[in-house]
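One-letter residues, chain by chain:
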Amino acid sequence: MKLFLLCGGVFLLGCAGLGGEDTAGGGTTDIFGNDVDDGNDEEDQGSTDADEDGLTLDEETDLGTDPDEADSDGDGTGDGEEVKQSTDPLDDKDFPYEGGWAKGACRSDVDGEGFAEGDVAKNFTMVDQFGEDVSLHDFCDRKVYLVFAAFW
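The following paragraphs examine the structure supplied in this document. (Residues numbered from 1 in each chain as written. Predicted model: local features only at pLDDT ≥ 70, side-chain atom pairs only at ≥ 80, totals over all residues. Heavy atoms only, no water.)

Observations concerning a nonpolar patch on the surface
A grouping of Met126, Val144, Leu146 and Phe148 is seen on the molecular surface, where their side chains present a nonpolar patch of about 360 Å² in accessible area. With respect to the helices and strands, Val144 occurs in the segment after strand 4 (133-135). (Patch = residues over 30% accessible without salt bridge, like charges linked within 9 Å, V, L, I, M, F, W, Y side chains within 5 Å. Areas by Shrake-Rupley, 256 points an atom, 1.4 Å probe, with all protein chains shown as cover. Salt bridge = Lys/Arg side-chain N within 4 Å of Asp/Glu carboxyl O. Helix = DSSP H or I, 4+ residues; strand = E, 2+ residues; numbered from the N terminus.)

Comments concerning the pattern of salt bridges
For the structure on display, the rule yields 6 salt bridges. Here Glu81 and Lys84 are joined by a salt bridge, their closest N and O atoms 3.6 Å apart. In this pair, Glu81 and Lys84 both sit in helix 3 (residues 79-84), 3 residues apart, roughly one turn of the helix. Assessed through its relative accessible area of 33%, Glu81 is described here as partly exposed. Salt-bridge contacts for Lys93 lead to Asp92; the nearest nitrogen and oxygen are separated by 3.9 Å. (Buried < 20%, exposed > 50% of the residue type's maximum accessible area, 1.4 Å probe, protein only.)

Examining the packing of aromatic side chains
Applying the stated criterion to the full structure yields 3 aromatic pairs. Between Tyr97 and Phe139, the aromatic rings sit 6.0 Å apart at their centres with planes inclined by 15°, giving stacked as the arrangement. Here Tyr97 is found in the loop between helix 3 and strand 3 (125-127), whereas its partner Phe139 is found in the segment after strand 4, with 42 residues between them in sequence. Judged on exposure class, the residue Tyr97 and its partner Phe139 are both buried. (Phe/Tyr/Trp six-rings, centres within 6.5 Å; stacked < 30°, edge-to-face > 60°.)

Okay, structure coming up:
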């Protein structure tokens, strides 16, 4: 151990050979010999997020996304945000609405019947106030009020 006196106090510069048991299996102990869980052991690998997209390695493996790429489909939205917004992180045509409208996870399960009163409406697309095309079935988990007007 190397100790240096600095302004009347003791300054610990470094320590070696104190020994310490690596109980976490990561191969790391701190300077006092305490085991450090650095995420390098196999048990912790599944909970790491190398690309910092909000998804763990296990989640990325389950989804089929690239654990080293924050935006697997290159659509400009990170994989974790796409999962949170119920869009497909592997489909560059499926991404959250820029206007902030959340897409319902049930949108693929909706079968439109028709346009009569009481029917589940067939899917259609309209332009929102932000100029973006939005699809009716993307809002499957909410009530949607549509207002139409025609002027001649």
